[in-house]
Amino acid sequence: MKKAEGPIAETARGRERTALSDRKHGEERPALRKGLRFMITVETSLKSGPVTSSSPGDDQRSLRAFIQKECGIKMPPAKRVMLEARLQKRLRALGITTLKDYREYLLTDAGRNGELIHCIDAVTTNKTDFFREPSHFDYLAAQALPSLIDAGAGRERKRITVWSAGCSTGEEPYTLAMVLSEFAETRPGFDFKVLATDISTRALEKAWLAVYDRERAAPIPEKLKAKYLLRSKDSSKNLVRIAPWIREKVAFQRLNFMEDRFSIRDKIDVIFCRNVIIYFDRPTQEQLMNKFCRHLGPGGYLFLGHSETIHNMDVPLVATAPTIYRRPQ
Ligand SMILES: C[S@@+](CC[C@H](N)C(=O)[O-])C[C@H]1O[C@@H](n2cnc3c(N)ncnc32)[C@H](O)[C@@H]1O
(Lines give C-alpha, C1' and ligand atoms only; values in the text may rest on other atoms or scores of the structure.)
Protein backbone atom coordinates (compact mmCIF):
# COMPACT_ATOMS: atom_id res chain seq x y z
CA MET A 1 0.00 0.00 0.00
CA LYS A 2 1.34 3.37 -0.97
CA LYS A 3 1.65 5.87 1.81
CA ALA A 4 -0.62 8.89 1.55
CA GLU A 5 1.14 11.73 -0.20
CA GLY A 6 0.66 15.42 -0.85
CA PRO A 7 -2.10 17.65 0.37
CA ILE A 8 -4.75 14.96 0.28
CA ALA A 9 -3.15 13.42 3.34
CA GLU A 10 -2.83 16.72 5.19
CA THR A 11 -5.06 18.05 7.85
CA ALA A 12 -6.78 21.35 7.19
CA ARG A 13 -4.04 23.32 8.89
CA GLY A 14 -1.69 22.05 6.20
CA ARG A 15 -4.27 22.90 3.59
CA GLU A 16 -4.47 26.51 4.66
CA ARG A 17 -0.75 26.78 3.95
CA THR A 18 -1.35 25.81 0.32
CA ALA A 19 -2.78 29.30 -0.18
CA LEU A 20 -6.42 28.32 -0.26
CA SER A 21 -8.76 31.04 0.85
CA ASP A 22 -12.36 31.00 2.00
CA ARG A 23 -13.02 34.27 0.31
CA LYS A 24 -13.44 33.20 -3.28
CA HIS A 25 -14.14 29.57 -4.06
CA GLY A 26 -13.31 30.16 -7.70
CA GLU A 27 -9.71 31.06 -6.91
CA GLU A 28 -9.01 27.87 -5.05
CA ARG A 29 -9.09 25.35 -7.86
CA PRO A 30 -5.74 26.12 -9.49
CA ALA A 31 -3.90 25.78 -6.18
CA LEU A 32 -5.65 22.52 -5.47
CA ARG A 33 -5.05 21.15 -8.93
CA LYS A 34 -1.38 21.99 -8.62
CA GLY A 35 -1.25 20.17 -5.32
CA LEU A 36 -2.90 17.09 -6.75
CA ARG A 37 -0.68 16.84 -9.79
CA PHE A 38 1.25 13.96 -8.19
CA MET A 39 -1.79 11.78 -8.59
CA ILE A 40 -3.06 12.79 -11.96
CA THR A 41 -0.50 12.08 -14.62
CA VAL A 42 -2.57 12.31 -17.73
CA GLU A 43 -1.20 10.50 -20.72
CA THR A 44 -2.92 12.23 -23.59
CA SER A 45 -1.70 10.42 -26.63
CA LEU A 46 -0.88 6.92 -27.72
CA LYS A 47 1.87 6.31 -30.19
CA SER A 48 0.47 3.10 -31.67
CA GLY A 49 -2.37 3.35 -34.16
CA PRO A 50 -5.79 1.75 -33.69
CA VAL A 51 -5.88 -2.02 -33.83
CA THR A 52 -9.13 -3.70 -34.79
CA SER A 53 -10.24 -6.30 -32.27
CA SER A 54 -11.19 -9.71 -33.59
CA SER A 55 -13.56 -10.39 -30.67
CA PRO A 56 -15.04 -7.33 -28.96
CA GLY A 57 -16.93 -9.62 -26.55
CA ASP A 58 -13.67 -11.09 -25.24
CA ASP A 59 -12.11 -7.64 -24.95
CA GLN A 60 -15.06 -6.43 -22.89
CA ARG A 61 -14.88 -9.51 -20.67
CA SER A 62 -11.19 -9.18 -19.96
CA LEU A 63 -11.48 -5.45 -19.29
CA ARG A 64 -14.31 -6.11 -16.84
CA ALA A 65 -12.24 -8.83 -15.12
CA PHE A 66 -9.28 -6.46 -14.92
CA ILE A 67 -11.37 -3.70 -13.32
CA GLN A 68 -12.94 -6.10 -10.83
CA LYS A 69 -9.48 -7.34 -9.81
CA GLU A 70 -8.08 -3.81 -9.44
CA CYS A 71 -10.86 -2.23 -7.39
CA GLY A 72 -13.23 -5.02 -6.39
CA ILE A 73 -16.22 -3.54 -8.17
CA LYS A 74 -18.41 -6.28 -9.66
CA MET A 75 -18.50 -6.10 -13.42
CA PRO A 76 -21.14 -8.59 -14.60
CA PRO A 77 -22.10 -8.72 -18.30
CA ALA A 78 -25.14 -6.55 -17.47
CA LYS A 79 -22.73 -3.64 -16.88
CA ARG A 80 -21.37 -3.82 -20.45
CA VAL A 81 -23.24 -0.84 -21.81
CA MET A 82 -22.63 1.27 -18.73
CA LEU A 83 -18.91 0.49 -18.82
CA GLU A 84 -18.53 1.40 -22.48
CA ALA A 85 -20.46 4.63 -22.01
CA ARG A 86 -18.36 5.64 -19.00
CA LEU A 87 -15.05 4.86 -20.69
CA GLN A 88 -15.85 6.60 -23.98
CA LYS A 89 -14.43 9.90 -22.76
CA ARG A 90 -11.20 8.22 -21.68
CA LEU A 91 -10.76 6.44 -25.00
CA ARG A 92 -11.29 9.73 -26.83
CA ALA A 93 -8.81 11.56 -24.60
CA LEU A 94 -6.18 8.90 -25.31
CA GLY A 95 -6.92 8.55 -29.02
CA ILE A 96 -7.69 4.85 -28.52
CA THR A 97 -10.45 3.24 -30.56
CA THR A 98 -10.93 -0.22 -29.04
CA LEU A 99 -11.37 -1.62 -25.54
CA LYS A 100 -8.65 -4.16 -26.33
CA ASP A 101 -6.12 -1.37 -26.86
CA TYR A 102 -7.38 0.39 -23.78
CA ARG A 103 -6.92 -2.71 -21.62
CA GLU A 104 -3.44 -3.27 -23.06
CA TYR A 105 -2.58 0.34 -22.34
CA LEU A 106 -3.70 -0.08 -18.73
CA LEU A 107 -1.10 -2.85 -18.38
CA THR A 108 1.80 -0.62 -19.48
CA ASP A 109 3.77 1.51 -16.99
CA ALA A 110 2.10 4.70 -18.24
CA GLY A 111 -1.28 3.02 -17.95
CA ARG A 112 -0.70 1.72 -14.43
CA ASN A 113 0.80 4.96 -13.14
CA GLY A 114 -1.55 7.38 -14.83
CA GLU A 115 -4.58 6.07 -16.66
CA LEU A 116 -5.68 3.54 -14.07
CA ILE A 117 -6.75 6.37 -11.78
CA HIS A 118 -8.95 7.83 -14.53
CA CYS A 119 -10.35 4.41 -15.33
CA ILE A 120 -11.29 3.87 -11.68
CA ASP A 121 -12.74 7.37 -11.47
CA ALA A 122 -14.89 6.53 -14.48
CA VAL A 123 -16.26 3.26 -13.11
CA THR A 124 -16.89 4.17 -9.46
CA THR A 125 -20.29 5.37 -8.32
CA ASN A 126 -19.92 8.29 -5.95
CA LYS A 127 -23.52 8.96 -4.98
CA THR A 128 -23.68 10.35 -1.45
CA ASP A 129 -25.39 12.97 0.73
CA PHE A 130 -24.99 14.91 3.93
CA PHE A 131 -26.80 13.09 6.77
CA ARG A 132 -27.49 10.11 4.52
CA GLU A 133 -29.30 7.37 6.47
CA PRO A 134 -29.65 9.74 9.45
CA SER A 135 -30.53 7.10 12.06
CA HIS A 136 -26.86 6.05 12.00
CA PHE A 137 -25.76 9.47 13.23
CA ASP A 138 -28.39 9.40 16.00
CA TYR A 139 -27.11 5.98 17.08
CA LEU A 140 -23.51 7.19 16.97
CA ALA A 141 -24.20 10.15 19.26
CA ALA A 142 -26.70 8.50 21.61
CA GLN A 143 -25.24 4.97 21.95
CA ALA A 144 -21.87 4.34 20.36
CA LEU A 145 -19.88 7.36 21.57
CA PRO A 146 -21.05 7.20 25.21
CA SER A 147 -20.38 3.48 25.26
CA LEU A 148 -16.89 3.91 23.78
CA ILE A 149 -15.76 6.68 26.08
CA ASP A 150 -17.26 5.13 29.21
CA ALA A 151 -15.83 1.66 28.49
CA GLY A 152 -13.28 0.28 30.93
CA ALA A 153 -14.65 1.21 34.38
CA GLY A 154 -13.44 4.65 35.33
CA ARG A 155 -10.93 4.94 32.49
CA GLU A 156 -12.72 7.47 30.29
CA ARG A 157 -11.38 7.63 26.76
CA LYS A 158 -11.13 11.17 25.56
CA ARG A 159 -10.12 10.81 21.95
CA ILE A 160 -12.09 8.91 19.32
CA THR A 161 -11.02 8.13 15.76
CA VAL A 162 -13.74 7.57 13.18
CA TRP A 163 -13.01 6.29 9.68
CA SER A 164 -15.25 7.13 6.74
CA ALA A 165 -14.18 4.27 4.46
CA GLY A 166 -15.35 5.05 0.93
CA CYS A 167 -15.97 8.72 1.73
CA SER A 168 -16.77 9.78 -1.84
CA THR A 169 -17.02 13.57 -2.20
CA GLY A 170 -16.87 14.30 1.53
CA GLU A 171 -20.48 14.62 2.63
CA GLU A 172 -20.21 11.62 4.98
CA PRO A 173 -16.94 12.57 6.78
CA TYR A 174 -18.06 16.19 7.19
CA THR A 175 -21.41 15.00 8.58
CA LEU A 176 -19.46 12.85 11.03
CA ALA A 177 -17.25 15.78 12.01
CA MET A 178 -20.31 17.96 12.67
CA VAL A 179 -22.01 15.26 14.77
CA LEU A 180 -18.81 14.60 16.73
CA SER A 181 -18.25 18.29 17.25
CA GLU A 182 -21.77 18.66 18.66
CA PHE A 183 -21.10 15.70 20.94
CA ALA A 184 -17.84 17.27 22.10
CA GLU A 185 -19.78 20.28 23.39
CA THR A 186 -21.58 17.99 25.84
CA ARG A 187 -18.41 16.19 27.06
CA PRO A 188 -15.61 18.44 28.27
CA GLY A 189 -12.21 17.14 27.20
CA PHE A 190 -13.60 14.91 24.45
CA ASP A 191 -11.72 15.11 21.16
CA PHE A 192 -11.98 13.32 17.84
CA LYS A 193 -10.45 12.83 14.46
CA VAL A 194 -12.10 11.70 11.21
CA LEU A 195 -10.08 9.72 8.69
CA ALA A 196 -11.68 9.78 5.23
CA THR A 197 -10.50 7.51 2.42
CA ASP A 198 -11.56 6.65 -1.09
CA ILE A 199 -10.10 5.08 -4.21
CA SER A 200 -11.35 7.86 -6.49
CA THR A 201 -9.00 10.83 -6.75
CA ARG A 202 -11.71 12.86 -8.47
CA ALA A 203 -14.02 12.31 -5.49
CA LEU A 204 -11.21 13.06 -3.01
CA GLU A 205 -10.35 16.27 -4.79
CA LYS A 206 -13.90 17.51 -4.35
CA ALA A 207 -14.05 16.28 -0.77
CA TRP A 208 -10.84 18.07 0.15
CA LEU A 209 -12.05 21.30 -1.40
CA ALA A 210 -15.23 21.09 0.73
CA VAL A 211 -17.26 23.37 -1.54
CA TYR A 212 -20.85 22.33 -2.33
CA ASP A 213 -23.92 23.67 -4.06
CA ARG A 214 -26.26 25.09 -1.47
CA GLU A 215 -28.98 22.58 -2.43
CA ARG A 216 -26.68 19.70 -1.55
CA ALA A 217 -26.45 21.07 1.99
CA ALA A 218 -30.25 20.94 2.43
CA PRO A 219 -30.23 17.80 4.66
CA ILE A 220 -27.98 19.53 7.23
CA PRO A 221 -30.10 20.78 10.18
CA GLU A 222 -30.39 24.60 10.21
CA LYS A 223 -28.62 24.92 13.55
CA LEU A 224 -25.59 23.04 12.20
CA LYS A 225 -25.61 24.98 8.93
CA ALA A 226 -25.32 28.19 10.90
CA LYS A 227 -22.37 26.81 12.87
CA TYR A 228 -20.44 24.81 10.32
CA LEU A 229 -21.03 26.27 6.84
CA LEU A 230 -19.59 29.37 5.23
CA ARG A 231 -21.54 31.05 2.46
CA SER A 232 -19.88 32.29 -0.70
CA LYS A 233 -19.51 36.08 -0.61
CA ASP A 234 -20.61 36.11 -4.23
CA SER A 235 -24.31 35.29 -3.79
CA SER A 236 -24.72 34.48 -7.49
CA LYS A 237 -22.55 31.40 -6.93
CA ASN A 238 -24.97 29.64 -4.60
CA LEU A 239 -22.12 27.78 -2.94
CA VAL A 240 -21.26 26.87 0.62
CA ARG A 241 -18.00 25.70 2.12
CA ILE A 242 -17.41 23.61 5.21
CA ALA A 243 -15.92 25.85 7.91
CA PRO A 244 -12.19 25.42 8.60
CA TRP A 245 -12.76 24.28 12.21
CA ILE A 246 -14.64 21.26 10.81
CA ARG A 247 -12.35 20.69 7.82
CA GLU A 248 -9.35 20.55 10.09
CA LYS A 249 -10.82 17.57 11.91
CA VAL A 250 -10.88 15.50 8.71
CA ALA A 251 -7.78 13.93 7.13
CA PHE A 252 -8.15 12.57 3.58
CA GLN A 253 -6.15 9.74 2.15
CA ARG A 254 -6.36 7.68 -1.02
CA LEU A 255 -6.88 4.02 -0.19
CA ASN A 256 -7.91 1.03 -2.29
CA PHE A 257 -9.75 -1.66 -0.34
CA MET A 258 -8.13 -4.27 -2.57
CA GLU A 259 -4.69 -3.59 -1.06
CA ASP A 260 -3.50 -6.39 1.23
CA ARG A 261 -2.56 -3.98 4.00
CA PHE A 262 -3.88 -0.52 4.71
CA SER A 263 -1.40 2.17 5.74
CA ILE A 264 -3.42 3.27 8.74
CA ARG A 265 -1.58 3.57 12.01
CA ASP A 266 -4.36 4.73 14.34
CA LYS A 267 -6.53 2.27 16.16
CA ILE A 268 -9.99 2.99 14.81
CA ASP A 269 -12.98 3.26 17.15
CA VAL A 270 -15.75 3.55 14.56
CA ILE A 271 -15.82 2.65 10.87
CA PHE A 272 -18.50 3.96 8.54
CA CYS A 273 -18.32 1.89 5.36
CA ARG A 274 -21.71 2.53 3.86
CA ASN A 275 -22.98 1.87 0.35
CA VAL A 276 -19.60 0.53 -0.74
CA ILE A 277 -19.62 -3.27 -0.35
CA ILE A 278 -22.84 -3.48 -2.30
CA TYR A 279 -20.61 -3.13 -5.39
CA PHE A 280 -18.35 -6.08 -4.37
CA ASP A 281 -18.89 -9.82 -4.59
CA ARG A 282 -19.29 -11.78 -1.38
CA PRO A 283 -15.73 -13.13 -1.00
CA THR A 284 -14.39 -9.58 -1.51
CA GLN A 285 -16.86 -8.24 1.05
CA GLU A 286 -15.81 -10.84 3.61
CA GLN A 287 -12.10 -10.19 3.08
CA LEU A 288 -12.66 -6.47 3.49
CA MET A 289 -14.61 -6.92 6.73
CA ASN A 290 -11.74 -8.97 8.13
CA LYS A 291 -9.22 -6.31 7.09
CA PHE A 292 -11.38 -3.69 8.85
CA CYS A 293 -11.30 -5.82 12.01
CA ARG A 294 -7.49 -5.58 12.09
CA HIS A 295 -7.84 -1.82 12.52
CA LEU A 296 -10.92 -1.72 14.73
CA GLY A 297 -10.17 -1.57 18.46
CA PRO A 298 -11.95 -3.86 20.94
CA GLY A 299 -15.53 -2.62 21.38
CA GLY A 300 -15.24 -0.66 18.12
CA TYR A 301 -18.23 -0.19 15.82
CA LEU A 302 -18.82 -0.85 12.13
CA PHE A 303 -21.69 0.87 10.32
CA LEU A 304 -22.76 -0.50 6.92
CA GLY A 305 -25.30 0.89 4.45
CA HIS A 306 -28.94 0.02 4.99
CA SER A 307 -28.98 -2.60 2.23
CA GLU A 308 -25.69 -4.23 3.29
CA THR A 309 -25.05 -7.06 5.73
CA ILE A 310 -22.32 -9.35 7.08
CA HIS A 311 -24.87 -12.06 7.86
CA ASN A 312 -23.27 -15.53 7.67
CA MET A 313 -19.78 -14.15 7.15
CA ASP A 314 -16.85 -15.44 9.18
CA VAL A 315 -16.00 -12.10 10.79
CA PRO A 316 -15.33 -11.28 14.49
CA LEU A 317 -18.23 -8.83 14.79
CA VAL A 318 -21.62 -9.01 16.48
CA ALA A 319 -24.78 -7.17 15.41
CA THR A 320 -25.91 -4.49 17.88
CA ALA A 321 -28.60 -2.80 15.76
CA PRO A 322 -29.72 -3.14 12.12
CA THR A 323 -26.59 -2.69 9.91
CA ILE A 324 -24.49 -1.77 12.99
CA TYR A 325 -21.88 -4.22 14.28
CA ARG A 326 -19.38 -4.28 17.12
CA ARG A 327 -16.11 -5.99 17.87
CA PRO A 328 -16.37 -7.81 21.19
CA GLN A 329 -14.41 -6.15 24.03
C1 LIG B 1 -21.73 5.18 -3.32
S2 LIG B 1 -20.27 5.87 -2.64
C3 LIG B 1 -20.70 5.85 -0.90
C4 LIG B 1 -20.30 7.13 -0.20
C5 LIG B 1 -20.67 7.22 1.28
N6 LIG B 1 -20.03 6.19 2.04
C7 LIG B 1 -22.16 7.16 1.46
O8 LIG B 1 -22.72 6.18 1.93
O9 LIG B 1 -22.81 8.15 1.12
C10 LIG B 1 -19.12 4.50 -2.76
C11 LIG B 1 -17.66 4.95 -2.69
O12 LIG B 1 -16.82 3.79 -2.58
C13 LIG B 1 -15.63 4.05 -3.29
N14 LIG B 1 -14.96 2.79 -3.66
C15 LIG B 1 -15.34 1.87 -4.57
N16 LIG B 1 -14.43 0.90 -4.68
C17 LIG B 1 -13.45 1.18 -3.80
C18 LIG B 1 -12.22 0.54 -3.45
N19 LIG B 1 -11.82 -0.59 -4.02
N20 LIG B 1 -11.45 1.13 -2.50
C21 LIG B 1 -11.84 2.28 -1.91
N22 LIG B 1 -12.98 2.94 -2.20
C23 LIG B 1 -13.79 2.40 -3.14
C24 LIG B 1 -16.12 4.81 -4.53
O25 LIG B 1 -15.09 5.54 -5.14
C26 LIG B 1 -17.23 5.67 -3.95
O27 LIG B 1 -16.79 6.97 -3.63
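Calculation notes
- Residues numbered from 1 in each chain as written.
- Predicted model: local features only at pLDDT ≥ 70, side-chain atom pairs only at ≥ 80, totals over all residues.
- Helix = DSSP H or I, 4+ residues; strand = E, 2+ residues; numbered from the N terminus.
- Buried ≥ 20, exposed ≤ 12 C-beta atoms within 10 Å, placed from the backbone.
- Expected span 1.5 Å × (residues − 1).
- Arc of directions from axis to C-beta.
- Contact = placed C-beta atoms within 7 Å.
- Core = buried A, V, L, I, M, F, W, Y, C linked by C-beta atoms within 7 Å.
- Domains from an automatic or database assignment.
- Near = placed C-beta within 6 Å.
- Nonpolar A, V, L, I, M, F, W, Y, C, P; charged D, E, K, R; others polar.
- Pairing = 2+ DSSP bridges.
- Axes fitted to C-alpha atoms, helices over the stretch in contact; angles between N-to-C directions.
- pLDDT = per-residue confidence, 0-100.
- Right-handed = clockwise from strand over helix to strand, strands pointing away.
- Parallel < 35°, antiparallel > 145°, perpendicular 65-115°, else oblique.
- Left-handed = near helix turned anticlockwise from the far one by under 90°.

A. Molecular detail of the overall build of the protein. From N to C terminus, the protein includes twelve helices and ten strands. Taking all 329 residues of the protein together, 36% fall into the buried category.

B. Broad picture of helix α3 (residues 56–71). Spanning 16 residues, α3 covers 23 Å between terminal C-alpha atoms, matching the ideal 22 Å at 1.5 Å per step. Within α3, burial applies to Q60, L63, R64, I67, Q68 and C71. Viewed end-on, α3 has its buried residues packed into an arc of 135°, placing them on one side of the element. Exposed positions of α3 whose direction lies more than 90 degrees from the buried face are D58, A65 and K69. Structurally, α3 contributes buried residues whose contacts are with α4 (80–94), α5 (99–107) and α6 (109–123). Backbone geometry just downstream of α3 places G72 in the positive-phi region, at approximately 85°.

C. Region of the structure containing the nonpolar core. Membership of the largest hydrophobic core comes to 72 residues, with the highest contact counts inside it found for V162, V270, I271, C273 and L302. With six residues, the single largest contributor to this core is helix α8 (residues 171–186). Each of domain 1 (7–33 + 126–326) and domain 2 (56–123) gives at least three residues to this core. In contact with C273, not counting residues within four places along its chain, are A165, G166, F292, L302 and L304.

D. Spatial organisation of the site of the ligand. The local shell around the ligand holds 25 residues, among which T124, T128, G166, S168 and I199 are the closest. Looking at side-chain class alone, the shell around the ligand contains nine nonpolar, eleven polar and five charged residues. Taken domain by domain, the shell around the ligand gets at least three of its residues from each of domain 1 (7–33 + 126–326) and domain 2 (56–123).

E. Broad picture of the sheet that holds strand β3 (residues 211–213). Spatially, β3-β5-β4 is the arrangement adopted by the three strands of the open sheet, whose pairing is antiparallel. Two strands bound the open sheet, and with one partner strand each, they are β3 and β4 (229–231). Strand-to-strand twist of the sheet, defined as the mean angle between neighbouring strand axes without regard to direction, takes the value 35°. Sheet analysis places β3 next to strand β5 (residues 239–242), joined by three bridges and oriented antiparallel. If you follow D213 over to β5, its bridge partner there is L239.

F. Structural detail: the confidence of the model for the protein. The predicted model of the protein averages 84 in pLDDT, with 82% of residues at 70 or higher. Scored below 50 in pLDDT, residues 1–54 shows 84 contacts in the model against residues more than four places distant or in partner chains.

G. Inspection of the pairing of strand β7 (residues 268–273) at higher detail. Taken across its six residues, β7 has six buried, putting it largely inside the fold. Of the pairings in the sheet, the one linking strand β1 (residues 159–165) to β7 comprises three bridges and is parallel in character. Across the sheet, the residue bridging to W163 is I271, located in β7. As paired strands, β7 and strand β8 (residues 296–304) are joined by five bridges and run parallel to one another. Counterpart to I271 in the pairing with β8 is L302. Traced from β7 through helix α12 (residues 282–295) to β8, the parallel crossover comes out right-handed.

H. Quick peek at the packing of α4 against α6. Across the interface, α4 lies against α6 with an axial gap of 9 Å and an inter-helix angle of 140°. Considered as vectors, α4 and α6 are oriented oblique to each other. Crossing hand, α4 versus α6: right-handed. Facing α4, whose interface residues are L83, R86, L87 and R90, α6 presents H118, C119, A122 and V123. The residue inventory of the contact of α4 with α6, partitioned by class, reads five nonpolar, one polar and two charged.

I. The sheet that holds β8, seen in detail. Here seven strands make up an open sheet; going across it, the order is β6-β2-β1-β7-β8-β10-β9 and the pairing mixed. On the outer flanks of this sheet lie β6 (250–254) and β9 (318–321), each paired with one strand and no other. Adjacent strand axes in the sheet meet at a mean angle of 25°, parallel and antiparallel pairs treated alike. Against the sheet, α12 touches β7 and β8, its axis set at about 140° to β8.

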